[in-house]
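Secondary and tertiary structure notes
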Amino acid sequence: MDPSADTWDLFSPLISLWINRFYIYLGFAVSISLWICVQIVIKTQGKNLQEKSVPKAAQDLMTNGYVSLQEKDIFVSGVKIFYGSQTGTAKGFATVLAEAVTSLDLPVAIINLKEYDPDDHLIEEVTSKNVCVFLVATYTDGLPTESAEWFCKWLEEASIDFRFGKTYLKGMRYAVFGLGNSAYASHFNKVGKNVDKWLWMLGAHRVMSRGEGDCDVVKSKHGSIEADFRAWKTKFISQLQALQKGERKKSCGGHCKKGKCESHQHGSEEREEGSHEQDELHHRDTEEEEPFESSSEEEFGGEDHQSLNSIVDVEDLGKIMDHVKKEKREKEQQEEKSGLFRNMGRNEDGERRAMITPALREALTKQGYQLIGSHSGVKLCRWTKSMLRGRGGCYKHTFYGIESHRCMETTPSLACANKCVFCWRHHTNPVGTEWRWKMDQPEMILKEAIENHQNMIKQFKGVPGVKAERFEEGMTVKHCALSLVGEPIMYPEINRFLKLLHQCKISSFLVTNAQFPAEIRNLEPVTQLYVSVDASTKDSLKKIDRPLFKDFWQRFLDSLKALAVKQQRTVYRLTLVKAWNVDELQAYAQLVSLGNPDFIEVKSSLMVILFPQGVTYCGESSASSLTMAHVPWHEEVVQFVHELVDLIPEYEIACEHEHSNCLLIAHRKFKIGGEWWTWIDYNRFQELIQEYEDSGGSKTFSAKDYMARTPHWALFGASERGFDPKDTRHQRKNKSKAISGC
């Protein structure tokens, strides 16, 4: 047997397989293809069966009163809007936001934080797929409003309570919009910042940067708090639409150059339902969350920082801390520069801003103001209209002999350093502690003020009841009440303005809020200088006037001391607010001895108190929490005055104007021979001020040099109750509580 033949038989099958290998590969390929086709057919048939079952299920559900659509992913189940408001602004914003959310076909709920128990319900938002919006206002001293007080207290305590932990609200989504006033720089939007911080500390996820509304129309980024909210609302609705689709827009890190944000250029990322919640929660663990001190325009990013949960080598800790400190210093320097820039009140071109912004102009125009230049205004007083008809003058006519139909009410500064709770101008004016706006010349202000006043008087020509002789007299301004709104003494050229008034033979009645003692000391002589004394203690003054100055009490006392050395007529104005400042008689008496005023006007709240006045109700305002319950009755004002006079023996009750709920306390030096001389000899004053000017200020004069005898009908206790009997209507039938207007 040939051995080679055996070898061939052994390898011949292998050789055959090798020769026919292509047919074998082809068989394998065909088999795999058939298997794939079978699997596709099976899945297609299953899908068709499922689609056919949906209409049947829907038909069954319709018989029960509802329809179930084909299942789809739900990323946002609804929006809950929580608000904490003192004056109603936040509540109004909540309503506006709810309407915008409703347009997205999302269920929305508006919740007053006063009626919400976070201990029982806040944890529900972790799994509810709701987006929670918090609209919270900052009130006095950076504290929350009364309605949000408990919620903020609970949230703060929970954020630092180890029993809750940093993941207590993990899964909750939220956004915050704060309402504040940048004039109170030390606690601007403090409540909004705190709520944002505390929610973040408890593990909640911020869906967009915090919004900050600013009541100060000068510093407001968009011109008013309403415009600030509208801008934030637009961004929120856009973000909400993205969340509805399962998209996630990455917030700006704050380090990119303006207008070149990479996160915005990249757009949004699509996410599937199954991974959306996990990714959102995982995001906190893998990346640094936006810090809680972020604002609506700027947030920190995590690019240059370690993750909160990352491990740091001790040797590298020093470098990291140096880097953080360096960034903090740079940020503080930048904020200091920007803050100084803002305080100077300059626009982008380096010029000082106009005090009257478009939003402020619109608001004041609606209230009947005739605006002058960039920071002044004039308005026709209701008593001017009344006296044109011969229906009685204001309390100044009763107390001092002003001809109300010839009195121009104006101000060279709409800005003020207080936000008094009884402000009857509804807080539409700007606030500030110094002049930071561009300034108009006093000649222009006075000229346009007189022209605007005369134009308003002209509108009464031919009106039934207007007396012709008084109409003609009203066209010539004889008195100027610098008490329209704001703080006239803030105007840098107030002395020039006063001189111009006196040159035009116009008497001057200037009111200040006792926060500018240096300006009071430097003030040129005026016909009568008023200081508002709205409270007698530091705490009550802070509560009532809500001053911007941190050293407001010392400024207040210094202002009263400056008043004491003035030689012309001086007046304390007291505004009584029921349950706020009517129980401080002894303290008021001490303040009287400090400033030694010639007169004290006392009036009830919601207008002003001149040491025996009361507050005249001018209607409710969203800017104040006062109501008619805080307005003292005339009998209560009289009782207060009697009790006060008992504590200041050098003073007596002199005059009364019942309709204005106002009384006048006068120093006894004005009671000569048993008769009161509280009225003013205006012609004599003009002679004295001219002599003062001609002498270069060396020839001074005193309040008694231009006094005049007070008529009997103006005295306290007279049957006329303060109304000139020459007028056709004494208005004595009005109720004791003055509610006729301001």
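Residues numbered from 1 in each chain as written. Predicted model: local features only at pLDDT ≥ 70, side-chain atom pairs only at ≥ 80, totals over all residues. Heavy atoms only, no water.

Quick word on the pattern of salt bridges
How we decide: The term salt bridge refers to a side-chain nitrogen of Lys or Arg lying within 4 Å of a carboxyl oxygen of Asp or Glu. The buried label goes to any residue with under 20% of its type's maximum accessible area, the exposed label to any with over 50%, and the partly exposed label to all in between, with areas taken from a 1.4 Å probe on protein chains only.
In this structure the tally under the stated criterion is 18 salt bridges. In this structure, glutamate 212 and arginine 210 form a salt bridge, with 3.0 Å as the shortest nitrogen-oxygen distance. There is no split in this pair, since glutamate 212 and arginine 210 are both buried. Bridged by salt links that share partners, the residues Asp196, Arg206, Arg210 and Glu212 form one connected network.

Remarks on the confidence of the model for the protein
Rules: Per-residue confidence from the predictor is given as pLDDT, running between 0 and 100. In what follows, a contact means two residues having at least one pair of non-hydrogen atoms within 4.5 Å.
Looking at the protein as a whole, its pLDDT mean stands at 79, while 73% of the residues score no less than 70. The low-confidence segment residues 335-344, where pLDDT is below 50, has 8 contacts with residues more than four positions distant or belonging to other chains.

Focus: a nonpolar patch on the surface
Which entries qualify depends on this criterion: Exposure above 30% relative accessible area and the absence of a salt bridge qualify a residue for a patch, where like charges join within 9 Å and nonpolar side chains (Val, Leu, Ile, Met, Phe, Trp, Tyr) within 5 Å. Shrake-Rupley sampling with a 1.4 Å probe provides the accessible areas, and residues are treated as covered by the protein chains on show and by no other component. Strands are runs of DSSP state E lasting at least two residues, helices are runs of H or I lasting at least four, and both sets are numbered from the N terminus onward.
Together, Leu14, Leu17, Phe22, Ile24, Tyr25 and Phe28 line one region of the surface with nonpolar side chains, adding up to about 680 Å² of accessible area. Listed by contribution, the elements that provide at least two residues to the nonpolar patch are helix 1 (3-19) and helix 2 (21-62). With 4 residues, the top contributor of residues to the nonpolar patch is helix 2. Among the structural elements, leucine 17 can be located in helix 1.

Re the nonpolar core
In globular proteins that are soluble, nonpolar side chains generally tend to be buried together. Going by this rule: Put simply, a nonpolar core is a bunch of buried Ala, Val, Leu, Ile, Met, Phe, Trp, Tyr and Cys residues held in one set by side-chain atoms that sit within 4.5 Å of each other.
Counting residues in hydrophobic clusters, the biggest one holds 84 residues, and the most contacted among them are Val533, Phe556, Ile600 and Val602. For this core, the leading source of residues is helix 19 (residues 552-564), giving 7 residues. Aside from chain neighbours lying at most four places away, what touches valine 533 is Phe556, Leu560, Tyr572, Arg573, Leu574, Thr575, Tyr588 and Leu591. Among the nonpolar cores identified, the runner-up in size contains 29 residues, and Ala100, Val101, Val133 and Met208 belong to it.

Points about the environment of tyrosine 530
Here is the rule: Under the rule applied, a polar contact is a pair of N or O atoms within 3.5 Å (in protein, one hydrogen donor and one hydrogen acceptor; residues adjacent in sequence only if both atoms are side-chain atoms).
With respect to the helices and strands, the residue tyrosine 530 is situated in strand 12 (residues 528-532). When its relative accessible area of 0% is taken as the criterion, tyrosine 530 is described as buried. In this structure the C-alpha to C-alpha distance between tyrosine 530 and tyrosine 572, which are 42 residues apart in sequence, comes to 5.9 Å. If we skip the residues at most four places from it in the chain, tyrosine 530 touches Lys396, Tyr400, Phe509, Leu510, Val511, Thr512, Val571, Arg573 and Glu601. Here glutamate 601 takes part through its side chain, which lies 3.3 Å from a polar atom of the side chain of tyrosine 530.

Considering the packing of helix 20 (residues 585-595) against helix 21 (residues 634-647)
Convention followed: For helices, the fitted line uses only the C-alpha atoms of the stretch in contact; every axis is such a line through C-alpha atoms, and the angle between N-to-C directions lies from 0 to 180 degrees. For this classification, under 35 degrees means roughly parallel, over 145 means roughly antiparallel, 65 to 115 means roughly perpendicular, and everything else is oblique. Should the near helix be turned anticlockwise from the far one by less than a right angle, the crossing is left-handed, and should it be turned clockwise, the crossing is right-handed. Note that Gly is not counted as nonpolar here; it falls among the polar residues with everything else outside the nonpolar set of Ala, Val, Leu, Ile, Met, Phe, Trp, Tyr, Cys and Pro and the charged set of Asp, Glu, Lys and Arg.
Relative orientation of the contacting elements helix 20 and helix 21 amounts to 55°, with a least axis distance of 9 Å. Considering the angle they form, helix 20 stands oblique to helix 21. Considering how the two elements wind past one another, helix 20 and helix 21 form a crossing that is right-handed. When helix 20 is examined against helix 21, the residues Leu585, Gln586, Tyr588 and Ala589 are found in contact with a partner set consisting of Phe640, Glu643, Leu644 and Leu647. Of the residues that constitute the contact of helix 20 with helix 21, the class distribution is 6 nonpolar, 1 polar and 1 charged.

Section: the packing of aromatic side chains
Aromatic rings considered in pairs are described by the distance between their centres and by the relative angle of their planes. Put simply, the test is: When two rings of Phe, Tyr or Trp (its six-membered ring) have centres within 6.5 Å they constitute a pair, described as stacked for plane angles under 30 degrees, edge-to-face for angles over 60, and tilted for the intermediate range. Geometrically, a charge over a ring is one whose NZ (Lys) or CZ (Arg) sits within 6 Å of the ring centre while staying within 35 degrees of the ring normal.
According to the stated counting rule, one finds 27 aromatic pairs in the structure shown. Relative to phenylalanine 701, the ring of phenylalanine 685 lies with its centre 6.1 Å away and its plane at 75°, an arrangement referred to as edge-to-face. With phenylalanine 685 in helix 22 (residues 682-694) and phenylalanine 701 in the loop between helix 22 and strand 21 (707-708), this residue pair connects regions lying 16 residues apart in the sequence. Geometry around phenylalanine 549 places arginine 555 over its ring, the cationic atom sitting 3.7 Å from the centre. Stacked on the ring of tyrosine 530, the Lys or Arg arginine 573 has its end atom at 5.6 Å from the ring centre.

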